[in-house]
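Summary of the model geometry
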Amino acid sequence: MLKDEHKKPTEITLPPGLSCLLMKLLRHIARGDAVTLVPVHEMLKTQQAADILTVSRPLLISLLERGDMNYTTVGRQIWCEQARKSNHVASQSAH
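A brief look at the structure comes next. Just so we're clear, the structure is a prediction, and the values are computed from it rather than from any experiment. Numbers given for residues are sequential positions, taken from 1 along each chain in its written order. Selection of residues for local features in this predicted model requires a pLDDT of at least 70, selection of side-chain atom pairs for listing and counting requires 80 or more, and totals for whole chains, interfaces and linings are taken over all residues. Side-chain numbers here rest on the full set of heavy atoms in the structure, without hydrogens or water.

**Topic: the overall build of the protein**
- Runs of E in the DSSP output that reach at least two residues are strands. Runs of H or I that reach at least four are helices, and both are numbered from the N terminus. Of regular secondary structure, the protein possesses four helices and five strands.
- Order of helices (α) and strands (β) in the protein, N terminus to C terminus: β-β-α-β-α-α-β-β-α.
- The contact criterion used is simple: two residues touch if any of their non-hydrogen atoms lie within 4.5 Å. Intrachain contacts of the protein at a sequence separation of at least 6 include 40% that bridge at least 24 residues.
- Only the protein chains shown count as cover for residues, and the accessible areas themselves come from Shrake-Rupley with a 1.4 Å probe. A total of about 7,400 Å² of accessible surface is found on the protein, and carbon and sulfur atoms cover 56% of it.

Printed below as a string of C-alpha cells:
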C-alpha cells in the first residue's frame, strides 16, 4: 500500500518483471548488502563505476584502456558509460 497526496493508502499492481526485481532488491537489503540504484544512461566517474562493478579503480582504468568499456573524457576526468552492462567484463578480467 502506498499513500497518495491525501495520505490515504493506495493499492498498486506491479508488472511481474518489476515485482521480481523489487523482491530481489528487498532480499539484498534484508541480507545487509549495499544496494545502489543508478539510471541506465547516467555517466559515472571512474571511482563510481569501479564501486558498482566491485573492482579496483586501477583495474577499471585498464579495462577502459583495453577498450572493454566505452568512456568519455571531459578535461582530465574520465566518465564511464557502461558500468551496469559491463559487470561480466570486470569479473572475467579479475581472474
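**Details of the pattern of salt bridges**
- Criterion for a salt bridge: a side-chain nitrogen of Lys or Arg within 4 Å of a carboxyl oxygen of Asp or Glu. By the definition in use, this model includes two salt bridges.
- Note that Arg31 and Asp33 form a salt bridge whose closest N and O atoms lie 3.1 Å from each other.
- The classification of residues rests on relative accessible area computed with a 1.4 Å probe and restricted to protein chains. Under 20% of the type maximum is buried, over 50% is exposed, and intermediate values are partly exposed. Under the relative-accessibility criterion, Asp33 is labelled partly exposed at 32%.
- Taking the shortest distance from any N to any O, the salt bridge between Asp68 and Arg66 comes out at 2.3 Å.
- Residue class for Arg66 comes out exposed when judged on its relative accessible area of 54%.

**Description of helix 1 (residues 16-31)**
- End to end, helix 1 covers 23 Å across 16 residues, agreeing with the expected 22 Å (1.5 Å per residue, within 8%).
- Gly32 occupies a position one or two residues after helix 1 and carries a positive phi of about 90°. How far a helix is expected to stretch is found by multiplying one less than its residue total by 1.5 Å.

**Concerning helix 2 (residues 46-53)**
- Taken as a whole, helix 2 has its buried residues at Thr46, Ala49, Ala50 and Leu53. The arc that holds every buried residue of helix 2, seen down its axis, measures 100°, which confines them to one face. Starting at the helix axis, one direction is taken to each C-beta atom, and the arc is that of these directions.

**Considerations on a nonpolar patch on the surface**
- Here, patches come from residues exposed beyond 30% relative accessible area and free of salt bridges, joined within 9 Å for like charges and within 5 Å for nonpolar side chains (Val, Leu, Ile, Met, Phe, Trp, Tyr). On the surface, Ile12, Leu14, Leu18, Leu21, Leu22, Met23, Leu26, Ile29, Val35 and Leu37 cluster together into a nonpolar patch covering about 890 Å² of accessible area.
- Considering the arrangement of structural elements, one finds Leu14 in the loop between strand 2 (9-10) and helix 1.

**Considering the side chain of Thr46**
- Relative to the elements of secondary structure, Thr46 occurs in helix 2.
- Accessibility expressed as a relative area gives 5% for Thr46, which makes it buried.
- Aside from chain neighbours lying at most four places away, what touches Thr46 is Arg57, Leu60, Ile61, Leu64, Ile78 and Cys80.

**Some thoughts on unusual backbone geometry**
- Here the phi dihedral of Thr54 falls at roughly 55°; this positive angle occurs in a residue that is not glycine.
- One can find Thr54 in the loop between helix 2 and helix 3 (57-66).
- Under the relative-accessibility criterion, Thr54 is labelled exposed at 70%.

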